[in-house]
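Residues per chain, in single letters:
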Amino acid sequence: NKDKDPKKGKRGNRKSARHGSRNQHRHKSLVKWILETFPHITQQADNNNEKKNDKEEQAEEEEATPKSKKPQHVLDVAGGKGEVAARLAICHNIHILMVDPRPANVSQTFMNSVLPRLPRKWRDRIKSRLEEDPCMIHDLMEERFSQITAFF
């Protein structure tokens, strides 16, 4: 056994005392993969959010579209705190159904974990919308997010 320098402690010869995991961006990577692998989900979300100005065009589209067409959902099994769900619901306008044994406060997760890591342009845009309507995140989550709390 080598004598350990008491000044170095448990680090040994390492210069950094890195704490935490190296995969803290795993949620962002998973969302990127979902959007690249299933592009039709975002196309449908974009189509649902577009506003029509021409009433005739809107009436024609309603006649051509079946009435039973519902928005597609992404199923998030074992969603944990809901970081993936929050990012997909708020940033990409996608409806999410999350299944997890513990209830998650996804609005709080978005504000504390997702929003600070968004690009500055998105962050500033969302913060300005929050100044106008402080309940915006909660309202969007009510519309786009649902959770089933069950053991599996």
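The preceding data block contains the structure.
A quick note: this is a predicted structure, and the numbers were derived from the prediction, not measured. (Residues numbered from 1 in each chain as written. Predicted model: local features only at pLDDT ≥ 70, side-chain atom pairs only at ≥ 80, totals over all residues. Heavy atoms only, no water.)

Pairing in this open sheet of 3 strands is parallel, and the strands run E1-E2-E3 from one edge to the other. Unpaired on one side and paired on the other, strand E1 (73–77) and strand E3 (145–149) mark the two borders of the sheet. The average undirected angle you get between the axes of adjacent strands in this sheet is 20°. Its contacts with the sheet put helix H4 (residues 83–92) on E1, strand E2 (95–100) and E3, and the angle it makes with E2 is roughly 170°. Strands in contact with helix H7 (residues 136–144) are E2 and E3; relative to E3, the strand with the most contacts, it is inclined by about 65°. (Pairing = 2+ DSSP bridges. Helix = DSSP H or I, 4+ residues; strand = E, 2+ residues; numbered from the N terminus. Axes fitted to C-alpha atoms, helices over the stretch in contact; angles between N-to-C directions. Contact = heavy atoms within 4.5 Å.)

This part is about the environment of Phe145. Checked against the element boundaries, Phe145 lands in strand E3. A relative accessible area of 14% means that Phe145 is categorised as buried. Along the primary structure Phe145 and Val106 are separated by 39 residues, whereas in three dimensions their C-alpha atoms are 8.6 Å apart. (Buried < 20%, exposed > 50% of the residue type's maximum accessible area, 1.4 Å probe, protein only.)

Over the atoms, a rolled probe matching the size of one water molecule traces out where space is still vacant. Roughly 210 Å³ of internal volume is contained in the second largest pocket. Along the walls of the second largest pocket sit Ile90, Cys91, Asn93, Trp122, Arg125, Ile126, Arg129, Met136, Leu140 and Arg144, which together make up its complete lining. For the lining of the second largest pocket, the secondary structure elements donating two or more residues are H4, helix H6 (120–132) and H7. (1 Å grid on protein atoms, 1.4 Å probe; cavity = no way out; pocket = protein on both sides within 12 Å on 5 of 7 lines; lining within 4 Å. Points joined across faces, edges and corners; volume = space filled by probe spheres on them.)

This part is about the nonpolar core. Core analysis: the biggest nonpolar cluster contains 28 residues, and Leu88, Ile96, Phe110 and Ile126 have the highest contact counts within it. With 7 residues, the top contributor of residues to this core is H4. (Core = buried A, V, L, I, M, F, W, Y, C linked by side-chain atoms within 4.5 Å.)

Turning our attention to the packing of aromatic side chains. Applying the stated criterion across every chain yields a total of 1 aromatic pair. Both rings, one in Trp33 and one in Phe38, keep their centres 6.0 Å apart while their planes meet at 90°; by these two values the pair is edge-to-face. According to the relative accessible area criterion, Phe38 is partly exposed, its value standing at 34%. (Phe/Tyr/Trp six-rings, centres within 6.5 Å; stacked < 30°, edge-to-face > 60°.)

With that settled, consider the pairing of E1. By the alternation rule, side chains of E1 split into Val74 and Asp76, which are all buried, and His73, Leu75 and Val77, of which none is buried. Here E1 pairs with E2 via 5 bridges, running parallel. Bridge assignment links Val77 to a residue of E2, and that residue is Val99. Note that the unit made of E1, H4 and E2 has a crossover that is right-handed. (Right-handed = clockwise from strand over helix to strand, strands pointing away.)

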